[in-house]
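# Close look at the chain arrangement
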Amino acid sequence: MEASIDTNVIIHLYKANLQSVLFNRFEKLKVCEFIRNHEMINHAGQDIIYLFDKDVEDGKIEIVTDQYLKSIRMYQVFLQHVKDLRILFDVRDLGEVYAIAIAKTLGCTCLVTDDIKERGPHYTLMRIPDSEVIPFTFFEILLLDFLEGKMPEKNLLEAFYLICTISGLDWNIQSVLKKFIKRFWKDPYSEKEKEWMRRFCADNGINAKARIQILLYYIDNQKQKKA
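Below is a short write-up of the structure. (Residues numbered from 1 in each chain as written. Predicted model: local features only at pLDDT ≥ 70, side-chain atom pairs only at ≥ 80, totals over all residues. Heavy atoms only, no water.)

## Section: the overall build of the protein
Broken down by element type, the protein carries 13 helices and five strands. The C-alpha atoms of the protein give 18 Å as radius of gyration, which agrees with the globular expectation for 227 residues (17 Å, within 12%). Overall, the protein is about 55 × 40 × 30 Å in size when its C-alpha atoms are taken along their principal axes. Sorting the 227 residues of the protein into buried and exposed places 51% on the buried side. Sequence separation of 24 or more characterises 68% of the internal contacts of the protein that already satisfy a separation of 6 or more. Carbon together with sulfur atoms contributes 50% to the accessible area of the protein, which is approximately 11,600 Å² in total. The protein carries 32 positive and 33 negative side-chain charges, and their two centres are separated by 4 Å. (Helix = DSSP H or I, 4+ residues; strand = E, 2+ residues; numbered from the N terminus. Rg over C-alpha atoms; globule rule 2.2 N^0.38 Å. Buried < 20%, exposed > 50% of the residue type's maximum accessible area, 1.4 Å probe, protein only. Contact = heavy atoms within 4.5 Å. Areas by Shrake-Rupley, 256 points an atom, 1.4 Å probe, with all protein chains shown as cover. Lys, Arg positive; Asp, Glu negative; His and termini not counted. Charge placed at Lys NZ, Arg CZ, Asp CG, Glu CD.)

## So, unusual backbone geometry
Positive phi is not limited to glycine here, since Asn 17 has a value of about 55°. At Arg 73, a position not held by glycine, the phi torsion is positive, near 60°. Structurally, Arg 73 is set in the loop between helix H5 (66–71) and helix H6 (75–88).

## Brief notes about the packing of aromatic side chains
Going through the model one piece at a time under the given rule, you end up with 15 aromatic pairs. Measuring from ring centre to ring centre gives 5.2 Å for Phe 136 and Trp 196, while their planes differ by 55°; the resulting arrangement is tilted. Note that Phe 136 is positioned in strand E5 (residues 134–136) and Trp 196 in helix H12 (residues 191–204), a separation of 60 residues in sequence. Judged by relative accessible area, Trp 196 falls into the buried class, the value being 7%. The interplanar angle of 75° and the centroid separation of 5.0 Å between the aromatic rings of Phe 160 and Tyr 161 together place this pair among those described as edge-to-face. Among the aromatic side chains, those forming a connected cluster through ring pairs are Phe 136, Phe 180, Phe 184, Trp 185, Trp 196 and Phe 200. When the ring centre of Tyr 75 is taken as origin, the NZ or CZ atom of Lys 70, which lies over that ring, is 4.9 Å away. Here the basic side chain of Arg 183 rests over the ring of Phe 136, its NZ or CZ set 5.5 Å away from the ring centre. (Phe/Tyr/Trp six-rings, centres within 6.5 Å; stacked < 30°, edge-to-face > 60°. Lys NZ or Arg CZ within 6 Å of the ring centre and 35° of its normal.)

## Comments concerning the packing of helix H10 (residues 153–167) against helix H13 (residues 208–226)
Where H10 contacts H13, the axes come no closer than 10 Å and their chain directions differ by 65°. Of the two elements, H10 crosses H13, and the hand of that crossing is right-handed. Counting all contacts with H10, which are made through Glu 153, Lys 154, Leu 156 and Leu 157, the residues of H13 involved are Ile 214, Leu 215, Tyr 218 and Ile 219. Residues that form the contact of H10 with H13 fall into these classes: six nonpolar, no polar and two charged. (Axes fitted to C-alpha atoms, helices over the stretch in contact; angles between N-to-C directions. Left-handed = near helix turned anticlockwise from the far one by under 90°. Nonpolar A, V, L, I, M, F, W, Y, C, P; charged D, E, K, R; others polar.)

## Re the environment of Lys 194
Inspection of the secondary structure assignment puts Lys 194 in helix H12. Contacts of Lys 194, omitting those with residues within four sequence positions, involve Phe 184, Trp 185 and Pro 188.

## Examining the pairing of strand E1 (residues 2–5)
Where E1 lies against strand E2 (residues 28–32), three bridges are found, and the strand directions are parallel. Bridging from a neighbouring strand, Glu 2 pairs with Lys 28 of E2. As defined by bridge partners, E1 adjoins strand E4 (residues 110–112) across three bridges and the pair is classed as parallel. Bridge pairing in E4 places Ser 4 opposite Leu 111. (Pairing = 2+ DSSP bridges.)

## So, the sheet that holds strand E3 (residues 62–64)
Taken in spatial order, the five strands line up as E3-E2-E1-E4-E5 in an open sheet, and their pairing is parallel. Each edge of the sheet is formed by a strand with only one pairing partner; in this case those strands are E3 and E5. Each strand axis lies, on average, 30° off the axis of its neighbour in the sheet, ignoring direction. Pairing of E2 with E3, which is carried by three bridges, proceeds in the parallel orientation. If you follow Lys 30 over to E3, its bridge partner there is Glu 62. Helix H3 (residues 33–43) rests against E1, E2 and E3 of the sheet, and its axis sits at about 55° to E2.

In structure tokens, the structure reads:
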């Protein structure tokens, strides 16, 4: 899968030195030059920018420039997507607007963003039945790794809480797991969400119910130990 990634998830994962979850999940990662040259300058520290640029140099991330879009004659398409999306979202979501516009322009399957506020990009894309872009947060990517057996439950919780602590995110594993289950199985906002997960599990030989039960048991056991 190819993914367009937004500022906040870059900052959260690089702060925790867990950017590898992006490289392990997606075949290609694309970042709009506006995000690198404006959003990251304004919101990311120089240490994060240095590590990010090193990954760009190593070919792990592709910066999508206006010049490149012009060279493939897609620049006007990109600008139209930006114009259309800016009507939908708050002015504070400009980074997400550009990230989604890149995904739509270049045909990326996924958007990776940790902006999950109501009416935000992640919230909105989930509720558009015919949207060709599927949004994921860092915790959803961690949970996908767990379902595949790539990440044990202990490592999942450690990674989740490390990112939350370092980035000042007031999230807990129980609440995000409930959101994950609701989104893909229990009460999906659109059939595309349920169908995507059905294919993901079928293609990877995953018994999702059994895996989630293992995780729930582990979480409950950890809570009892702390009590």
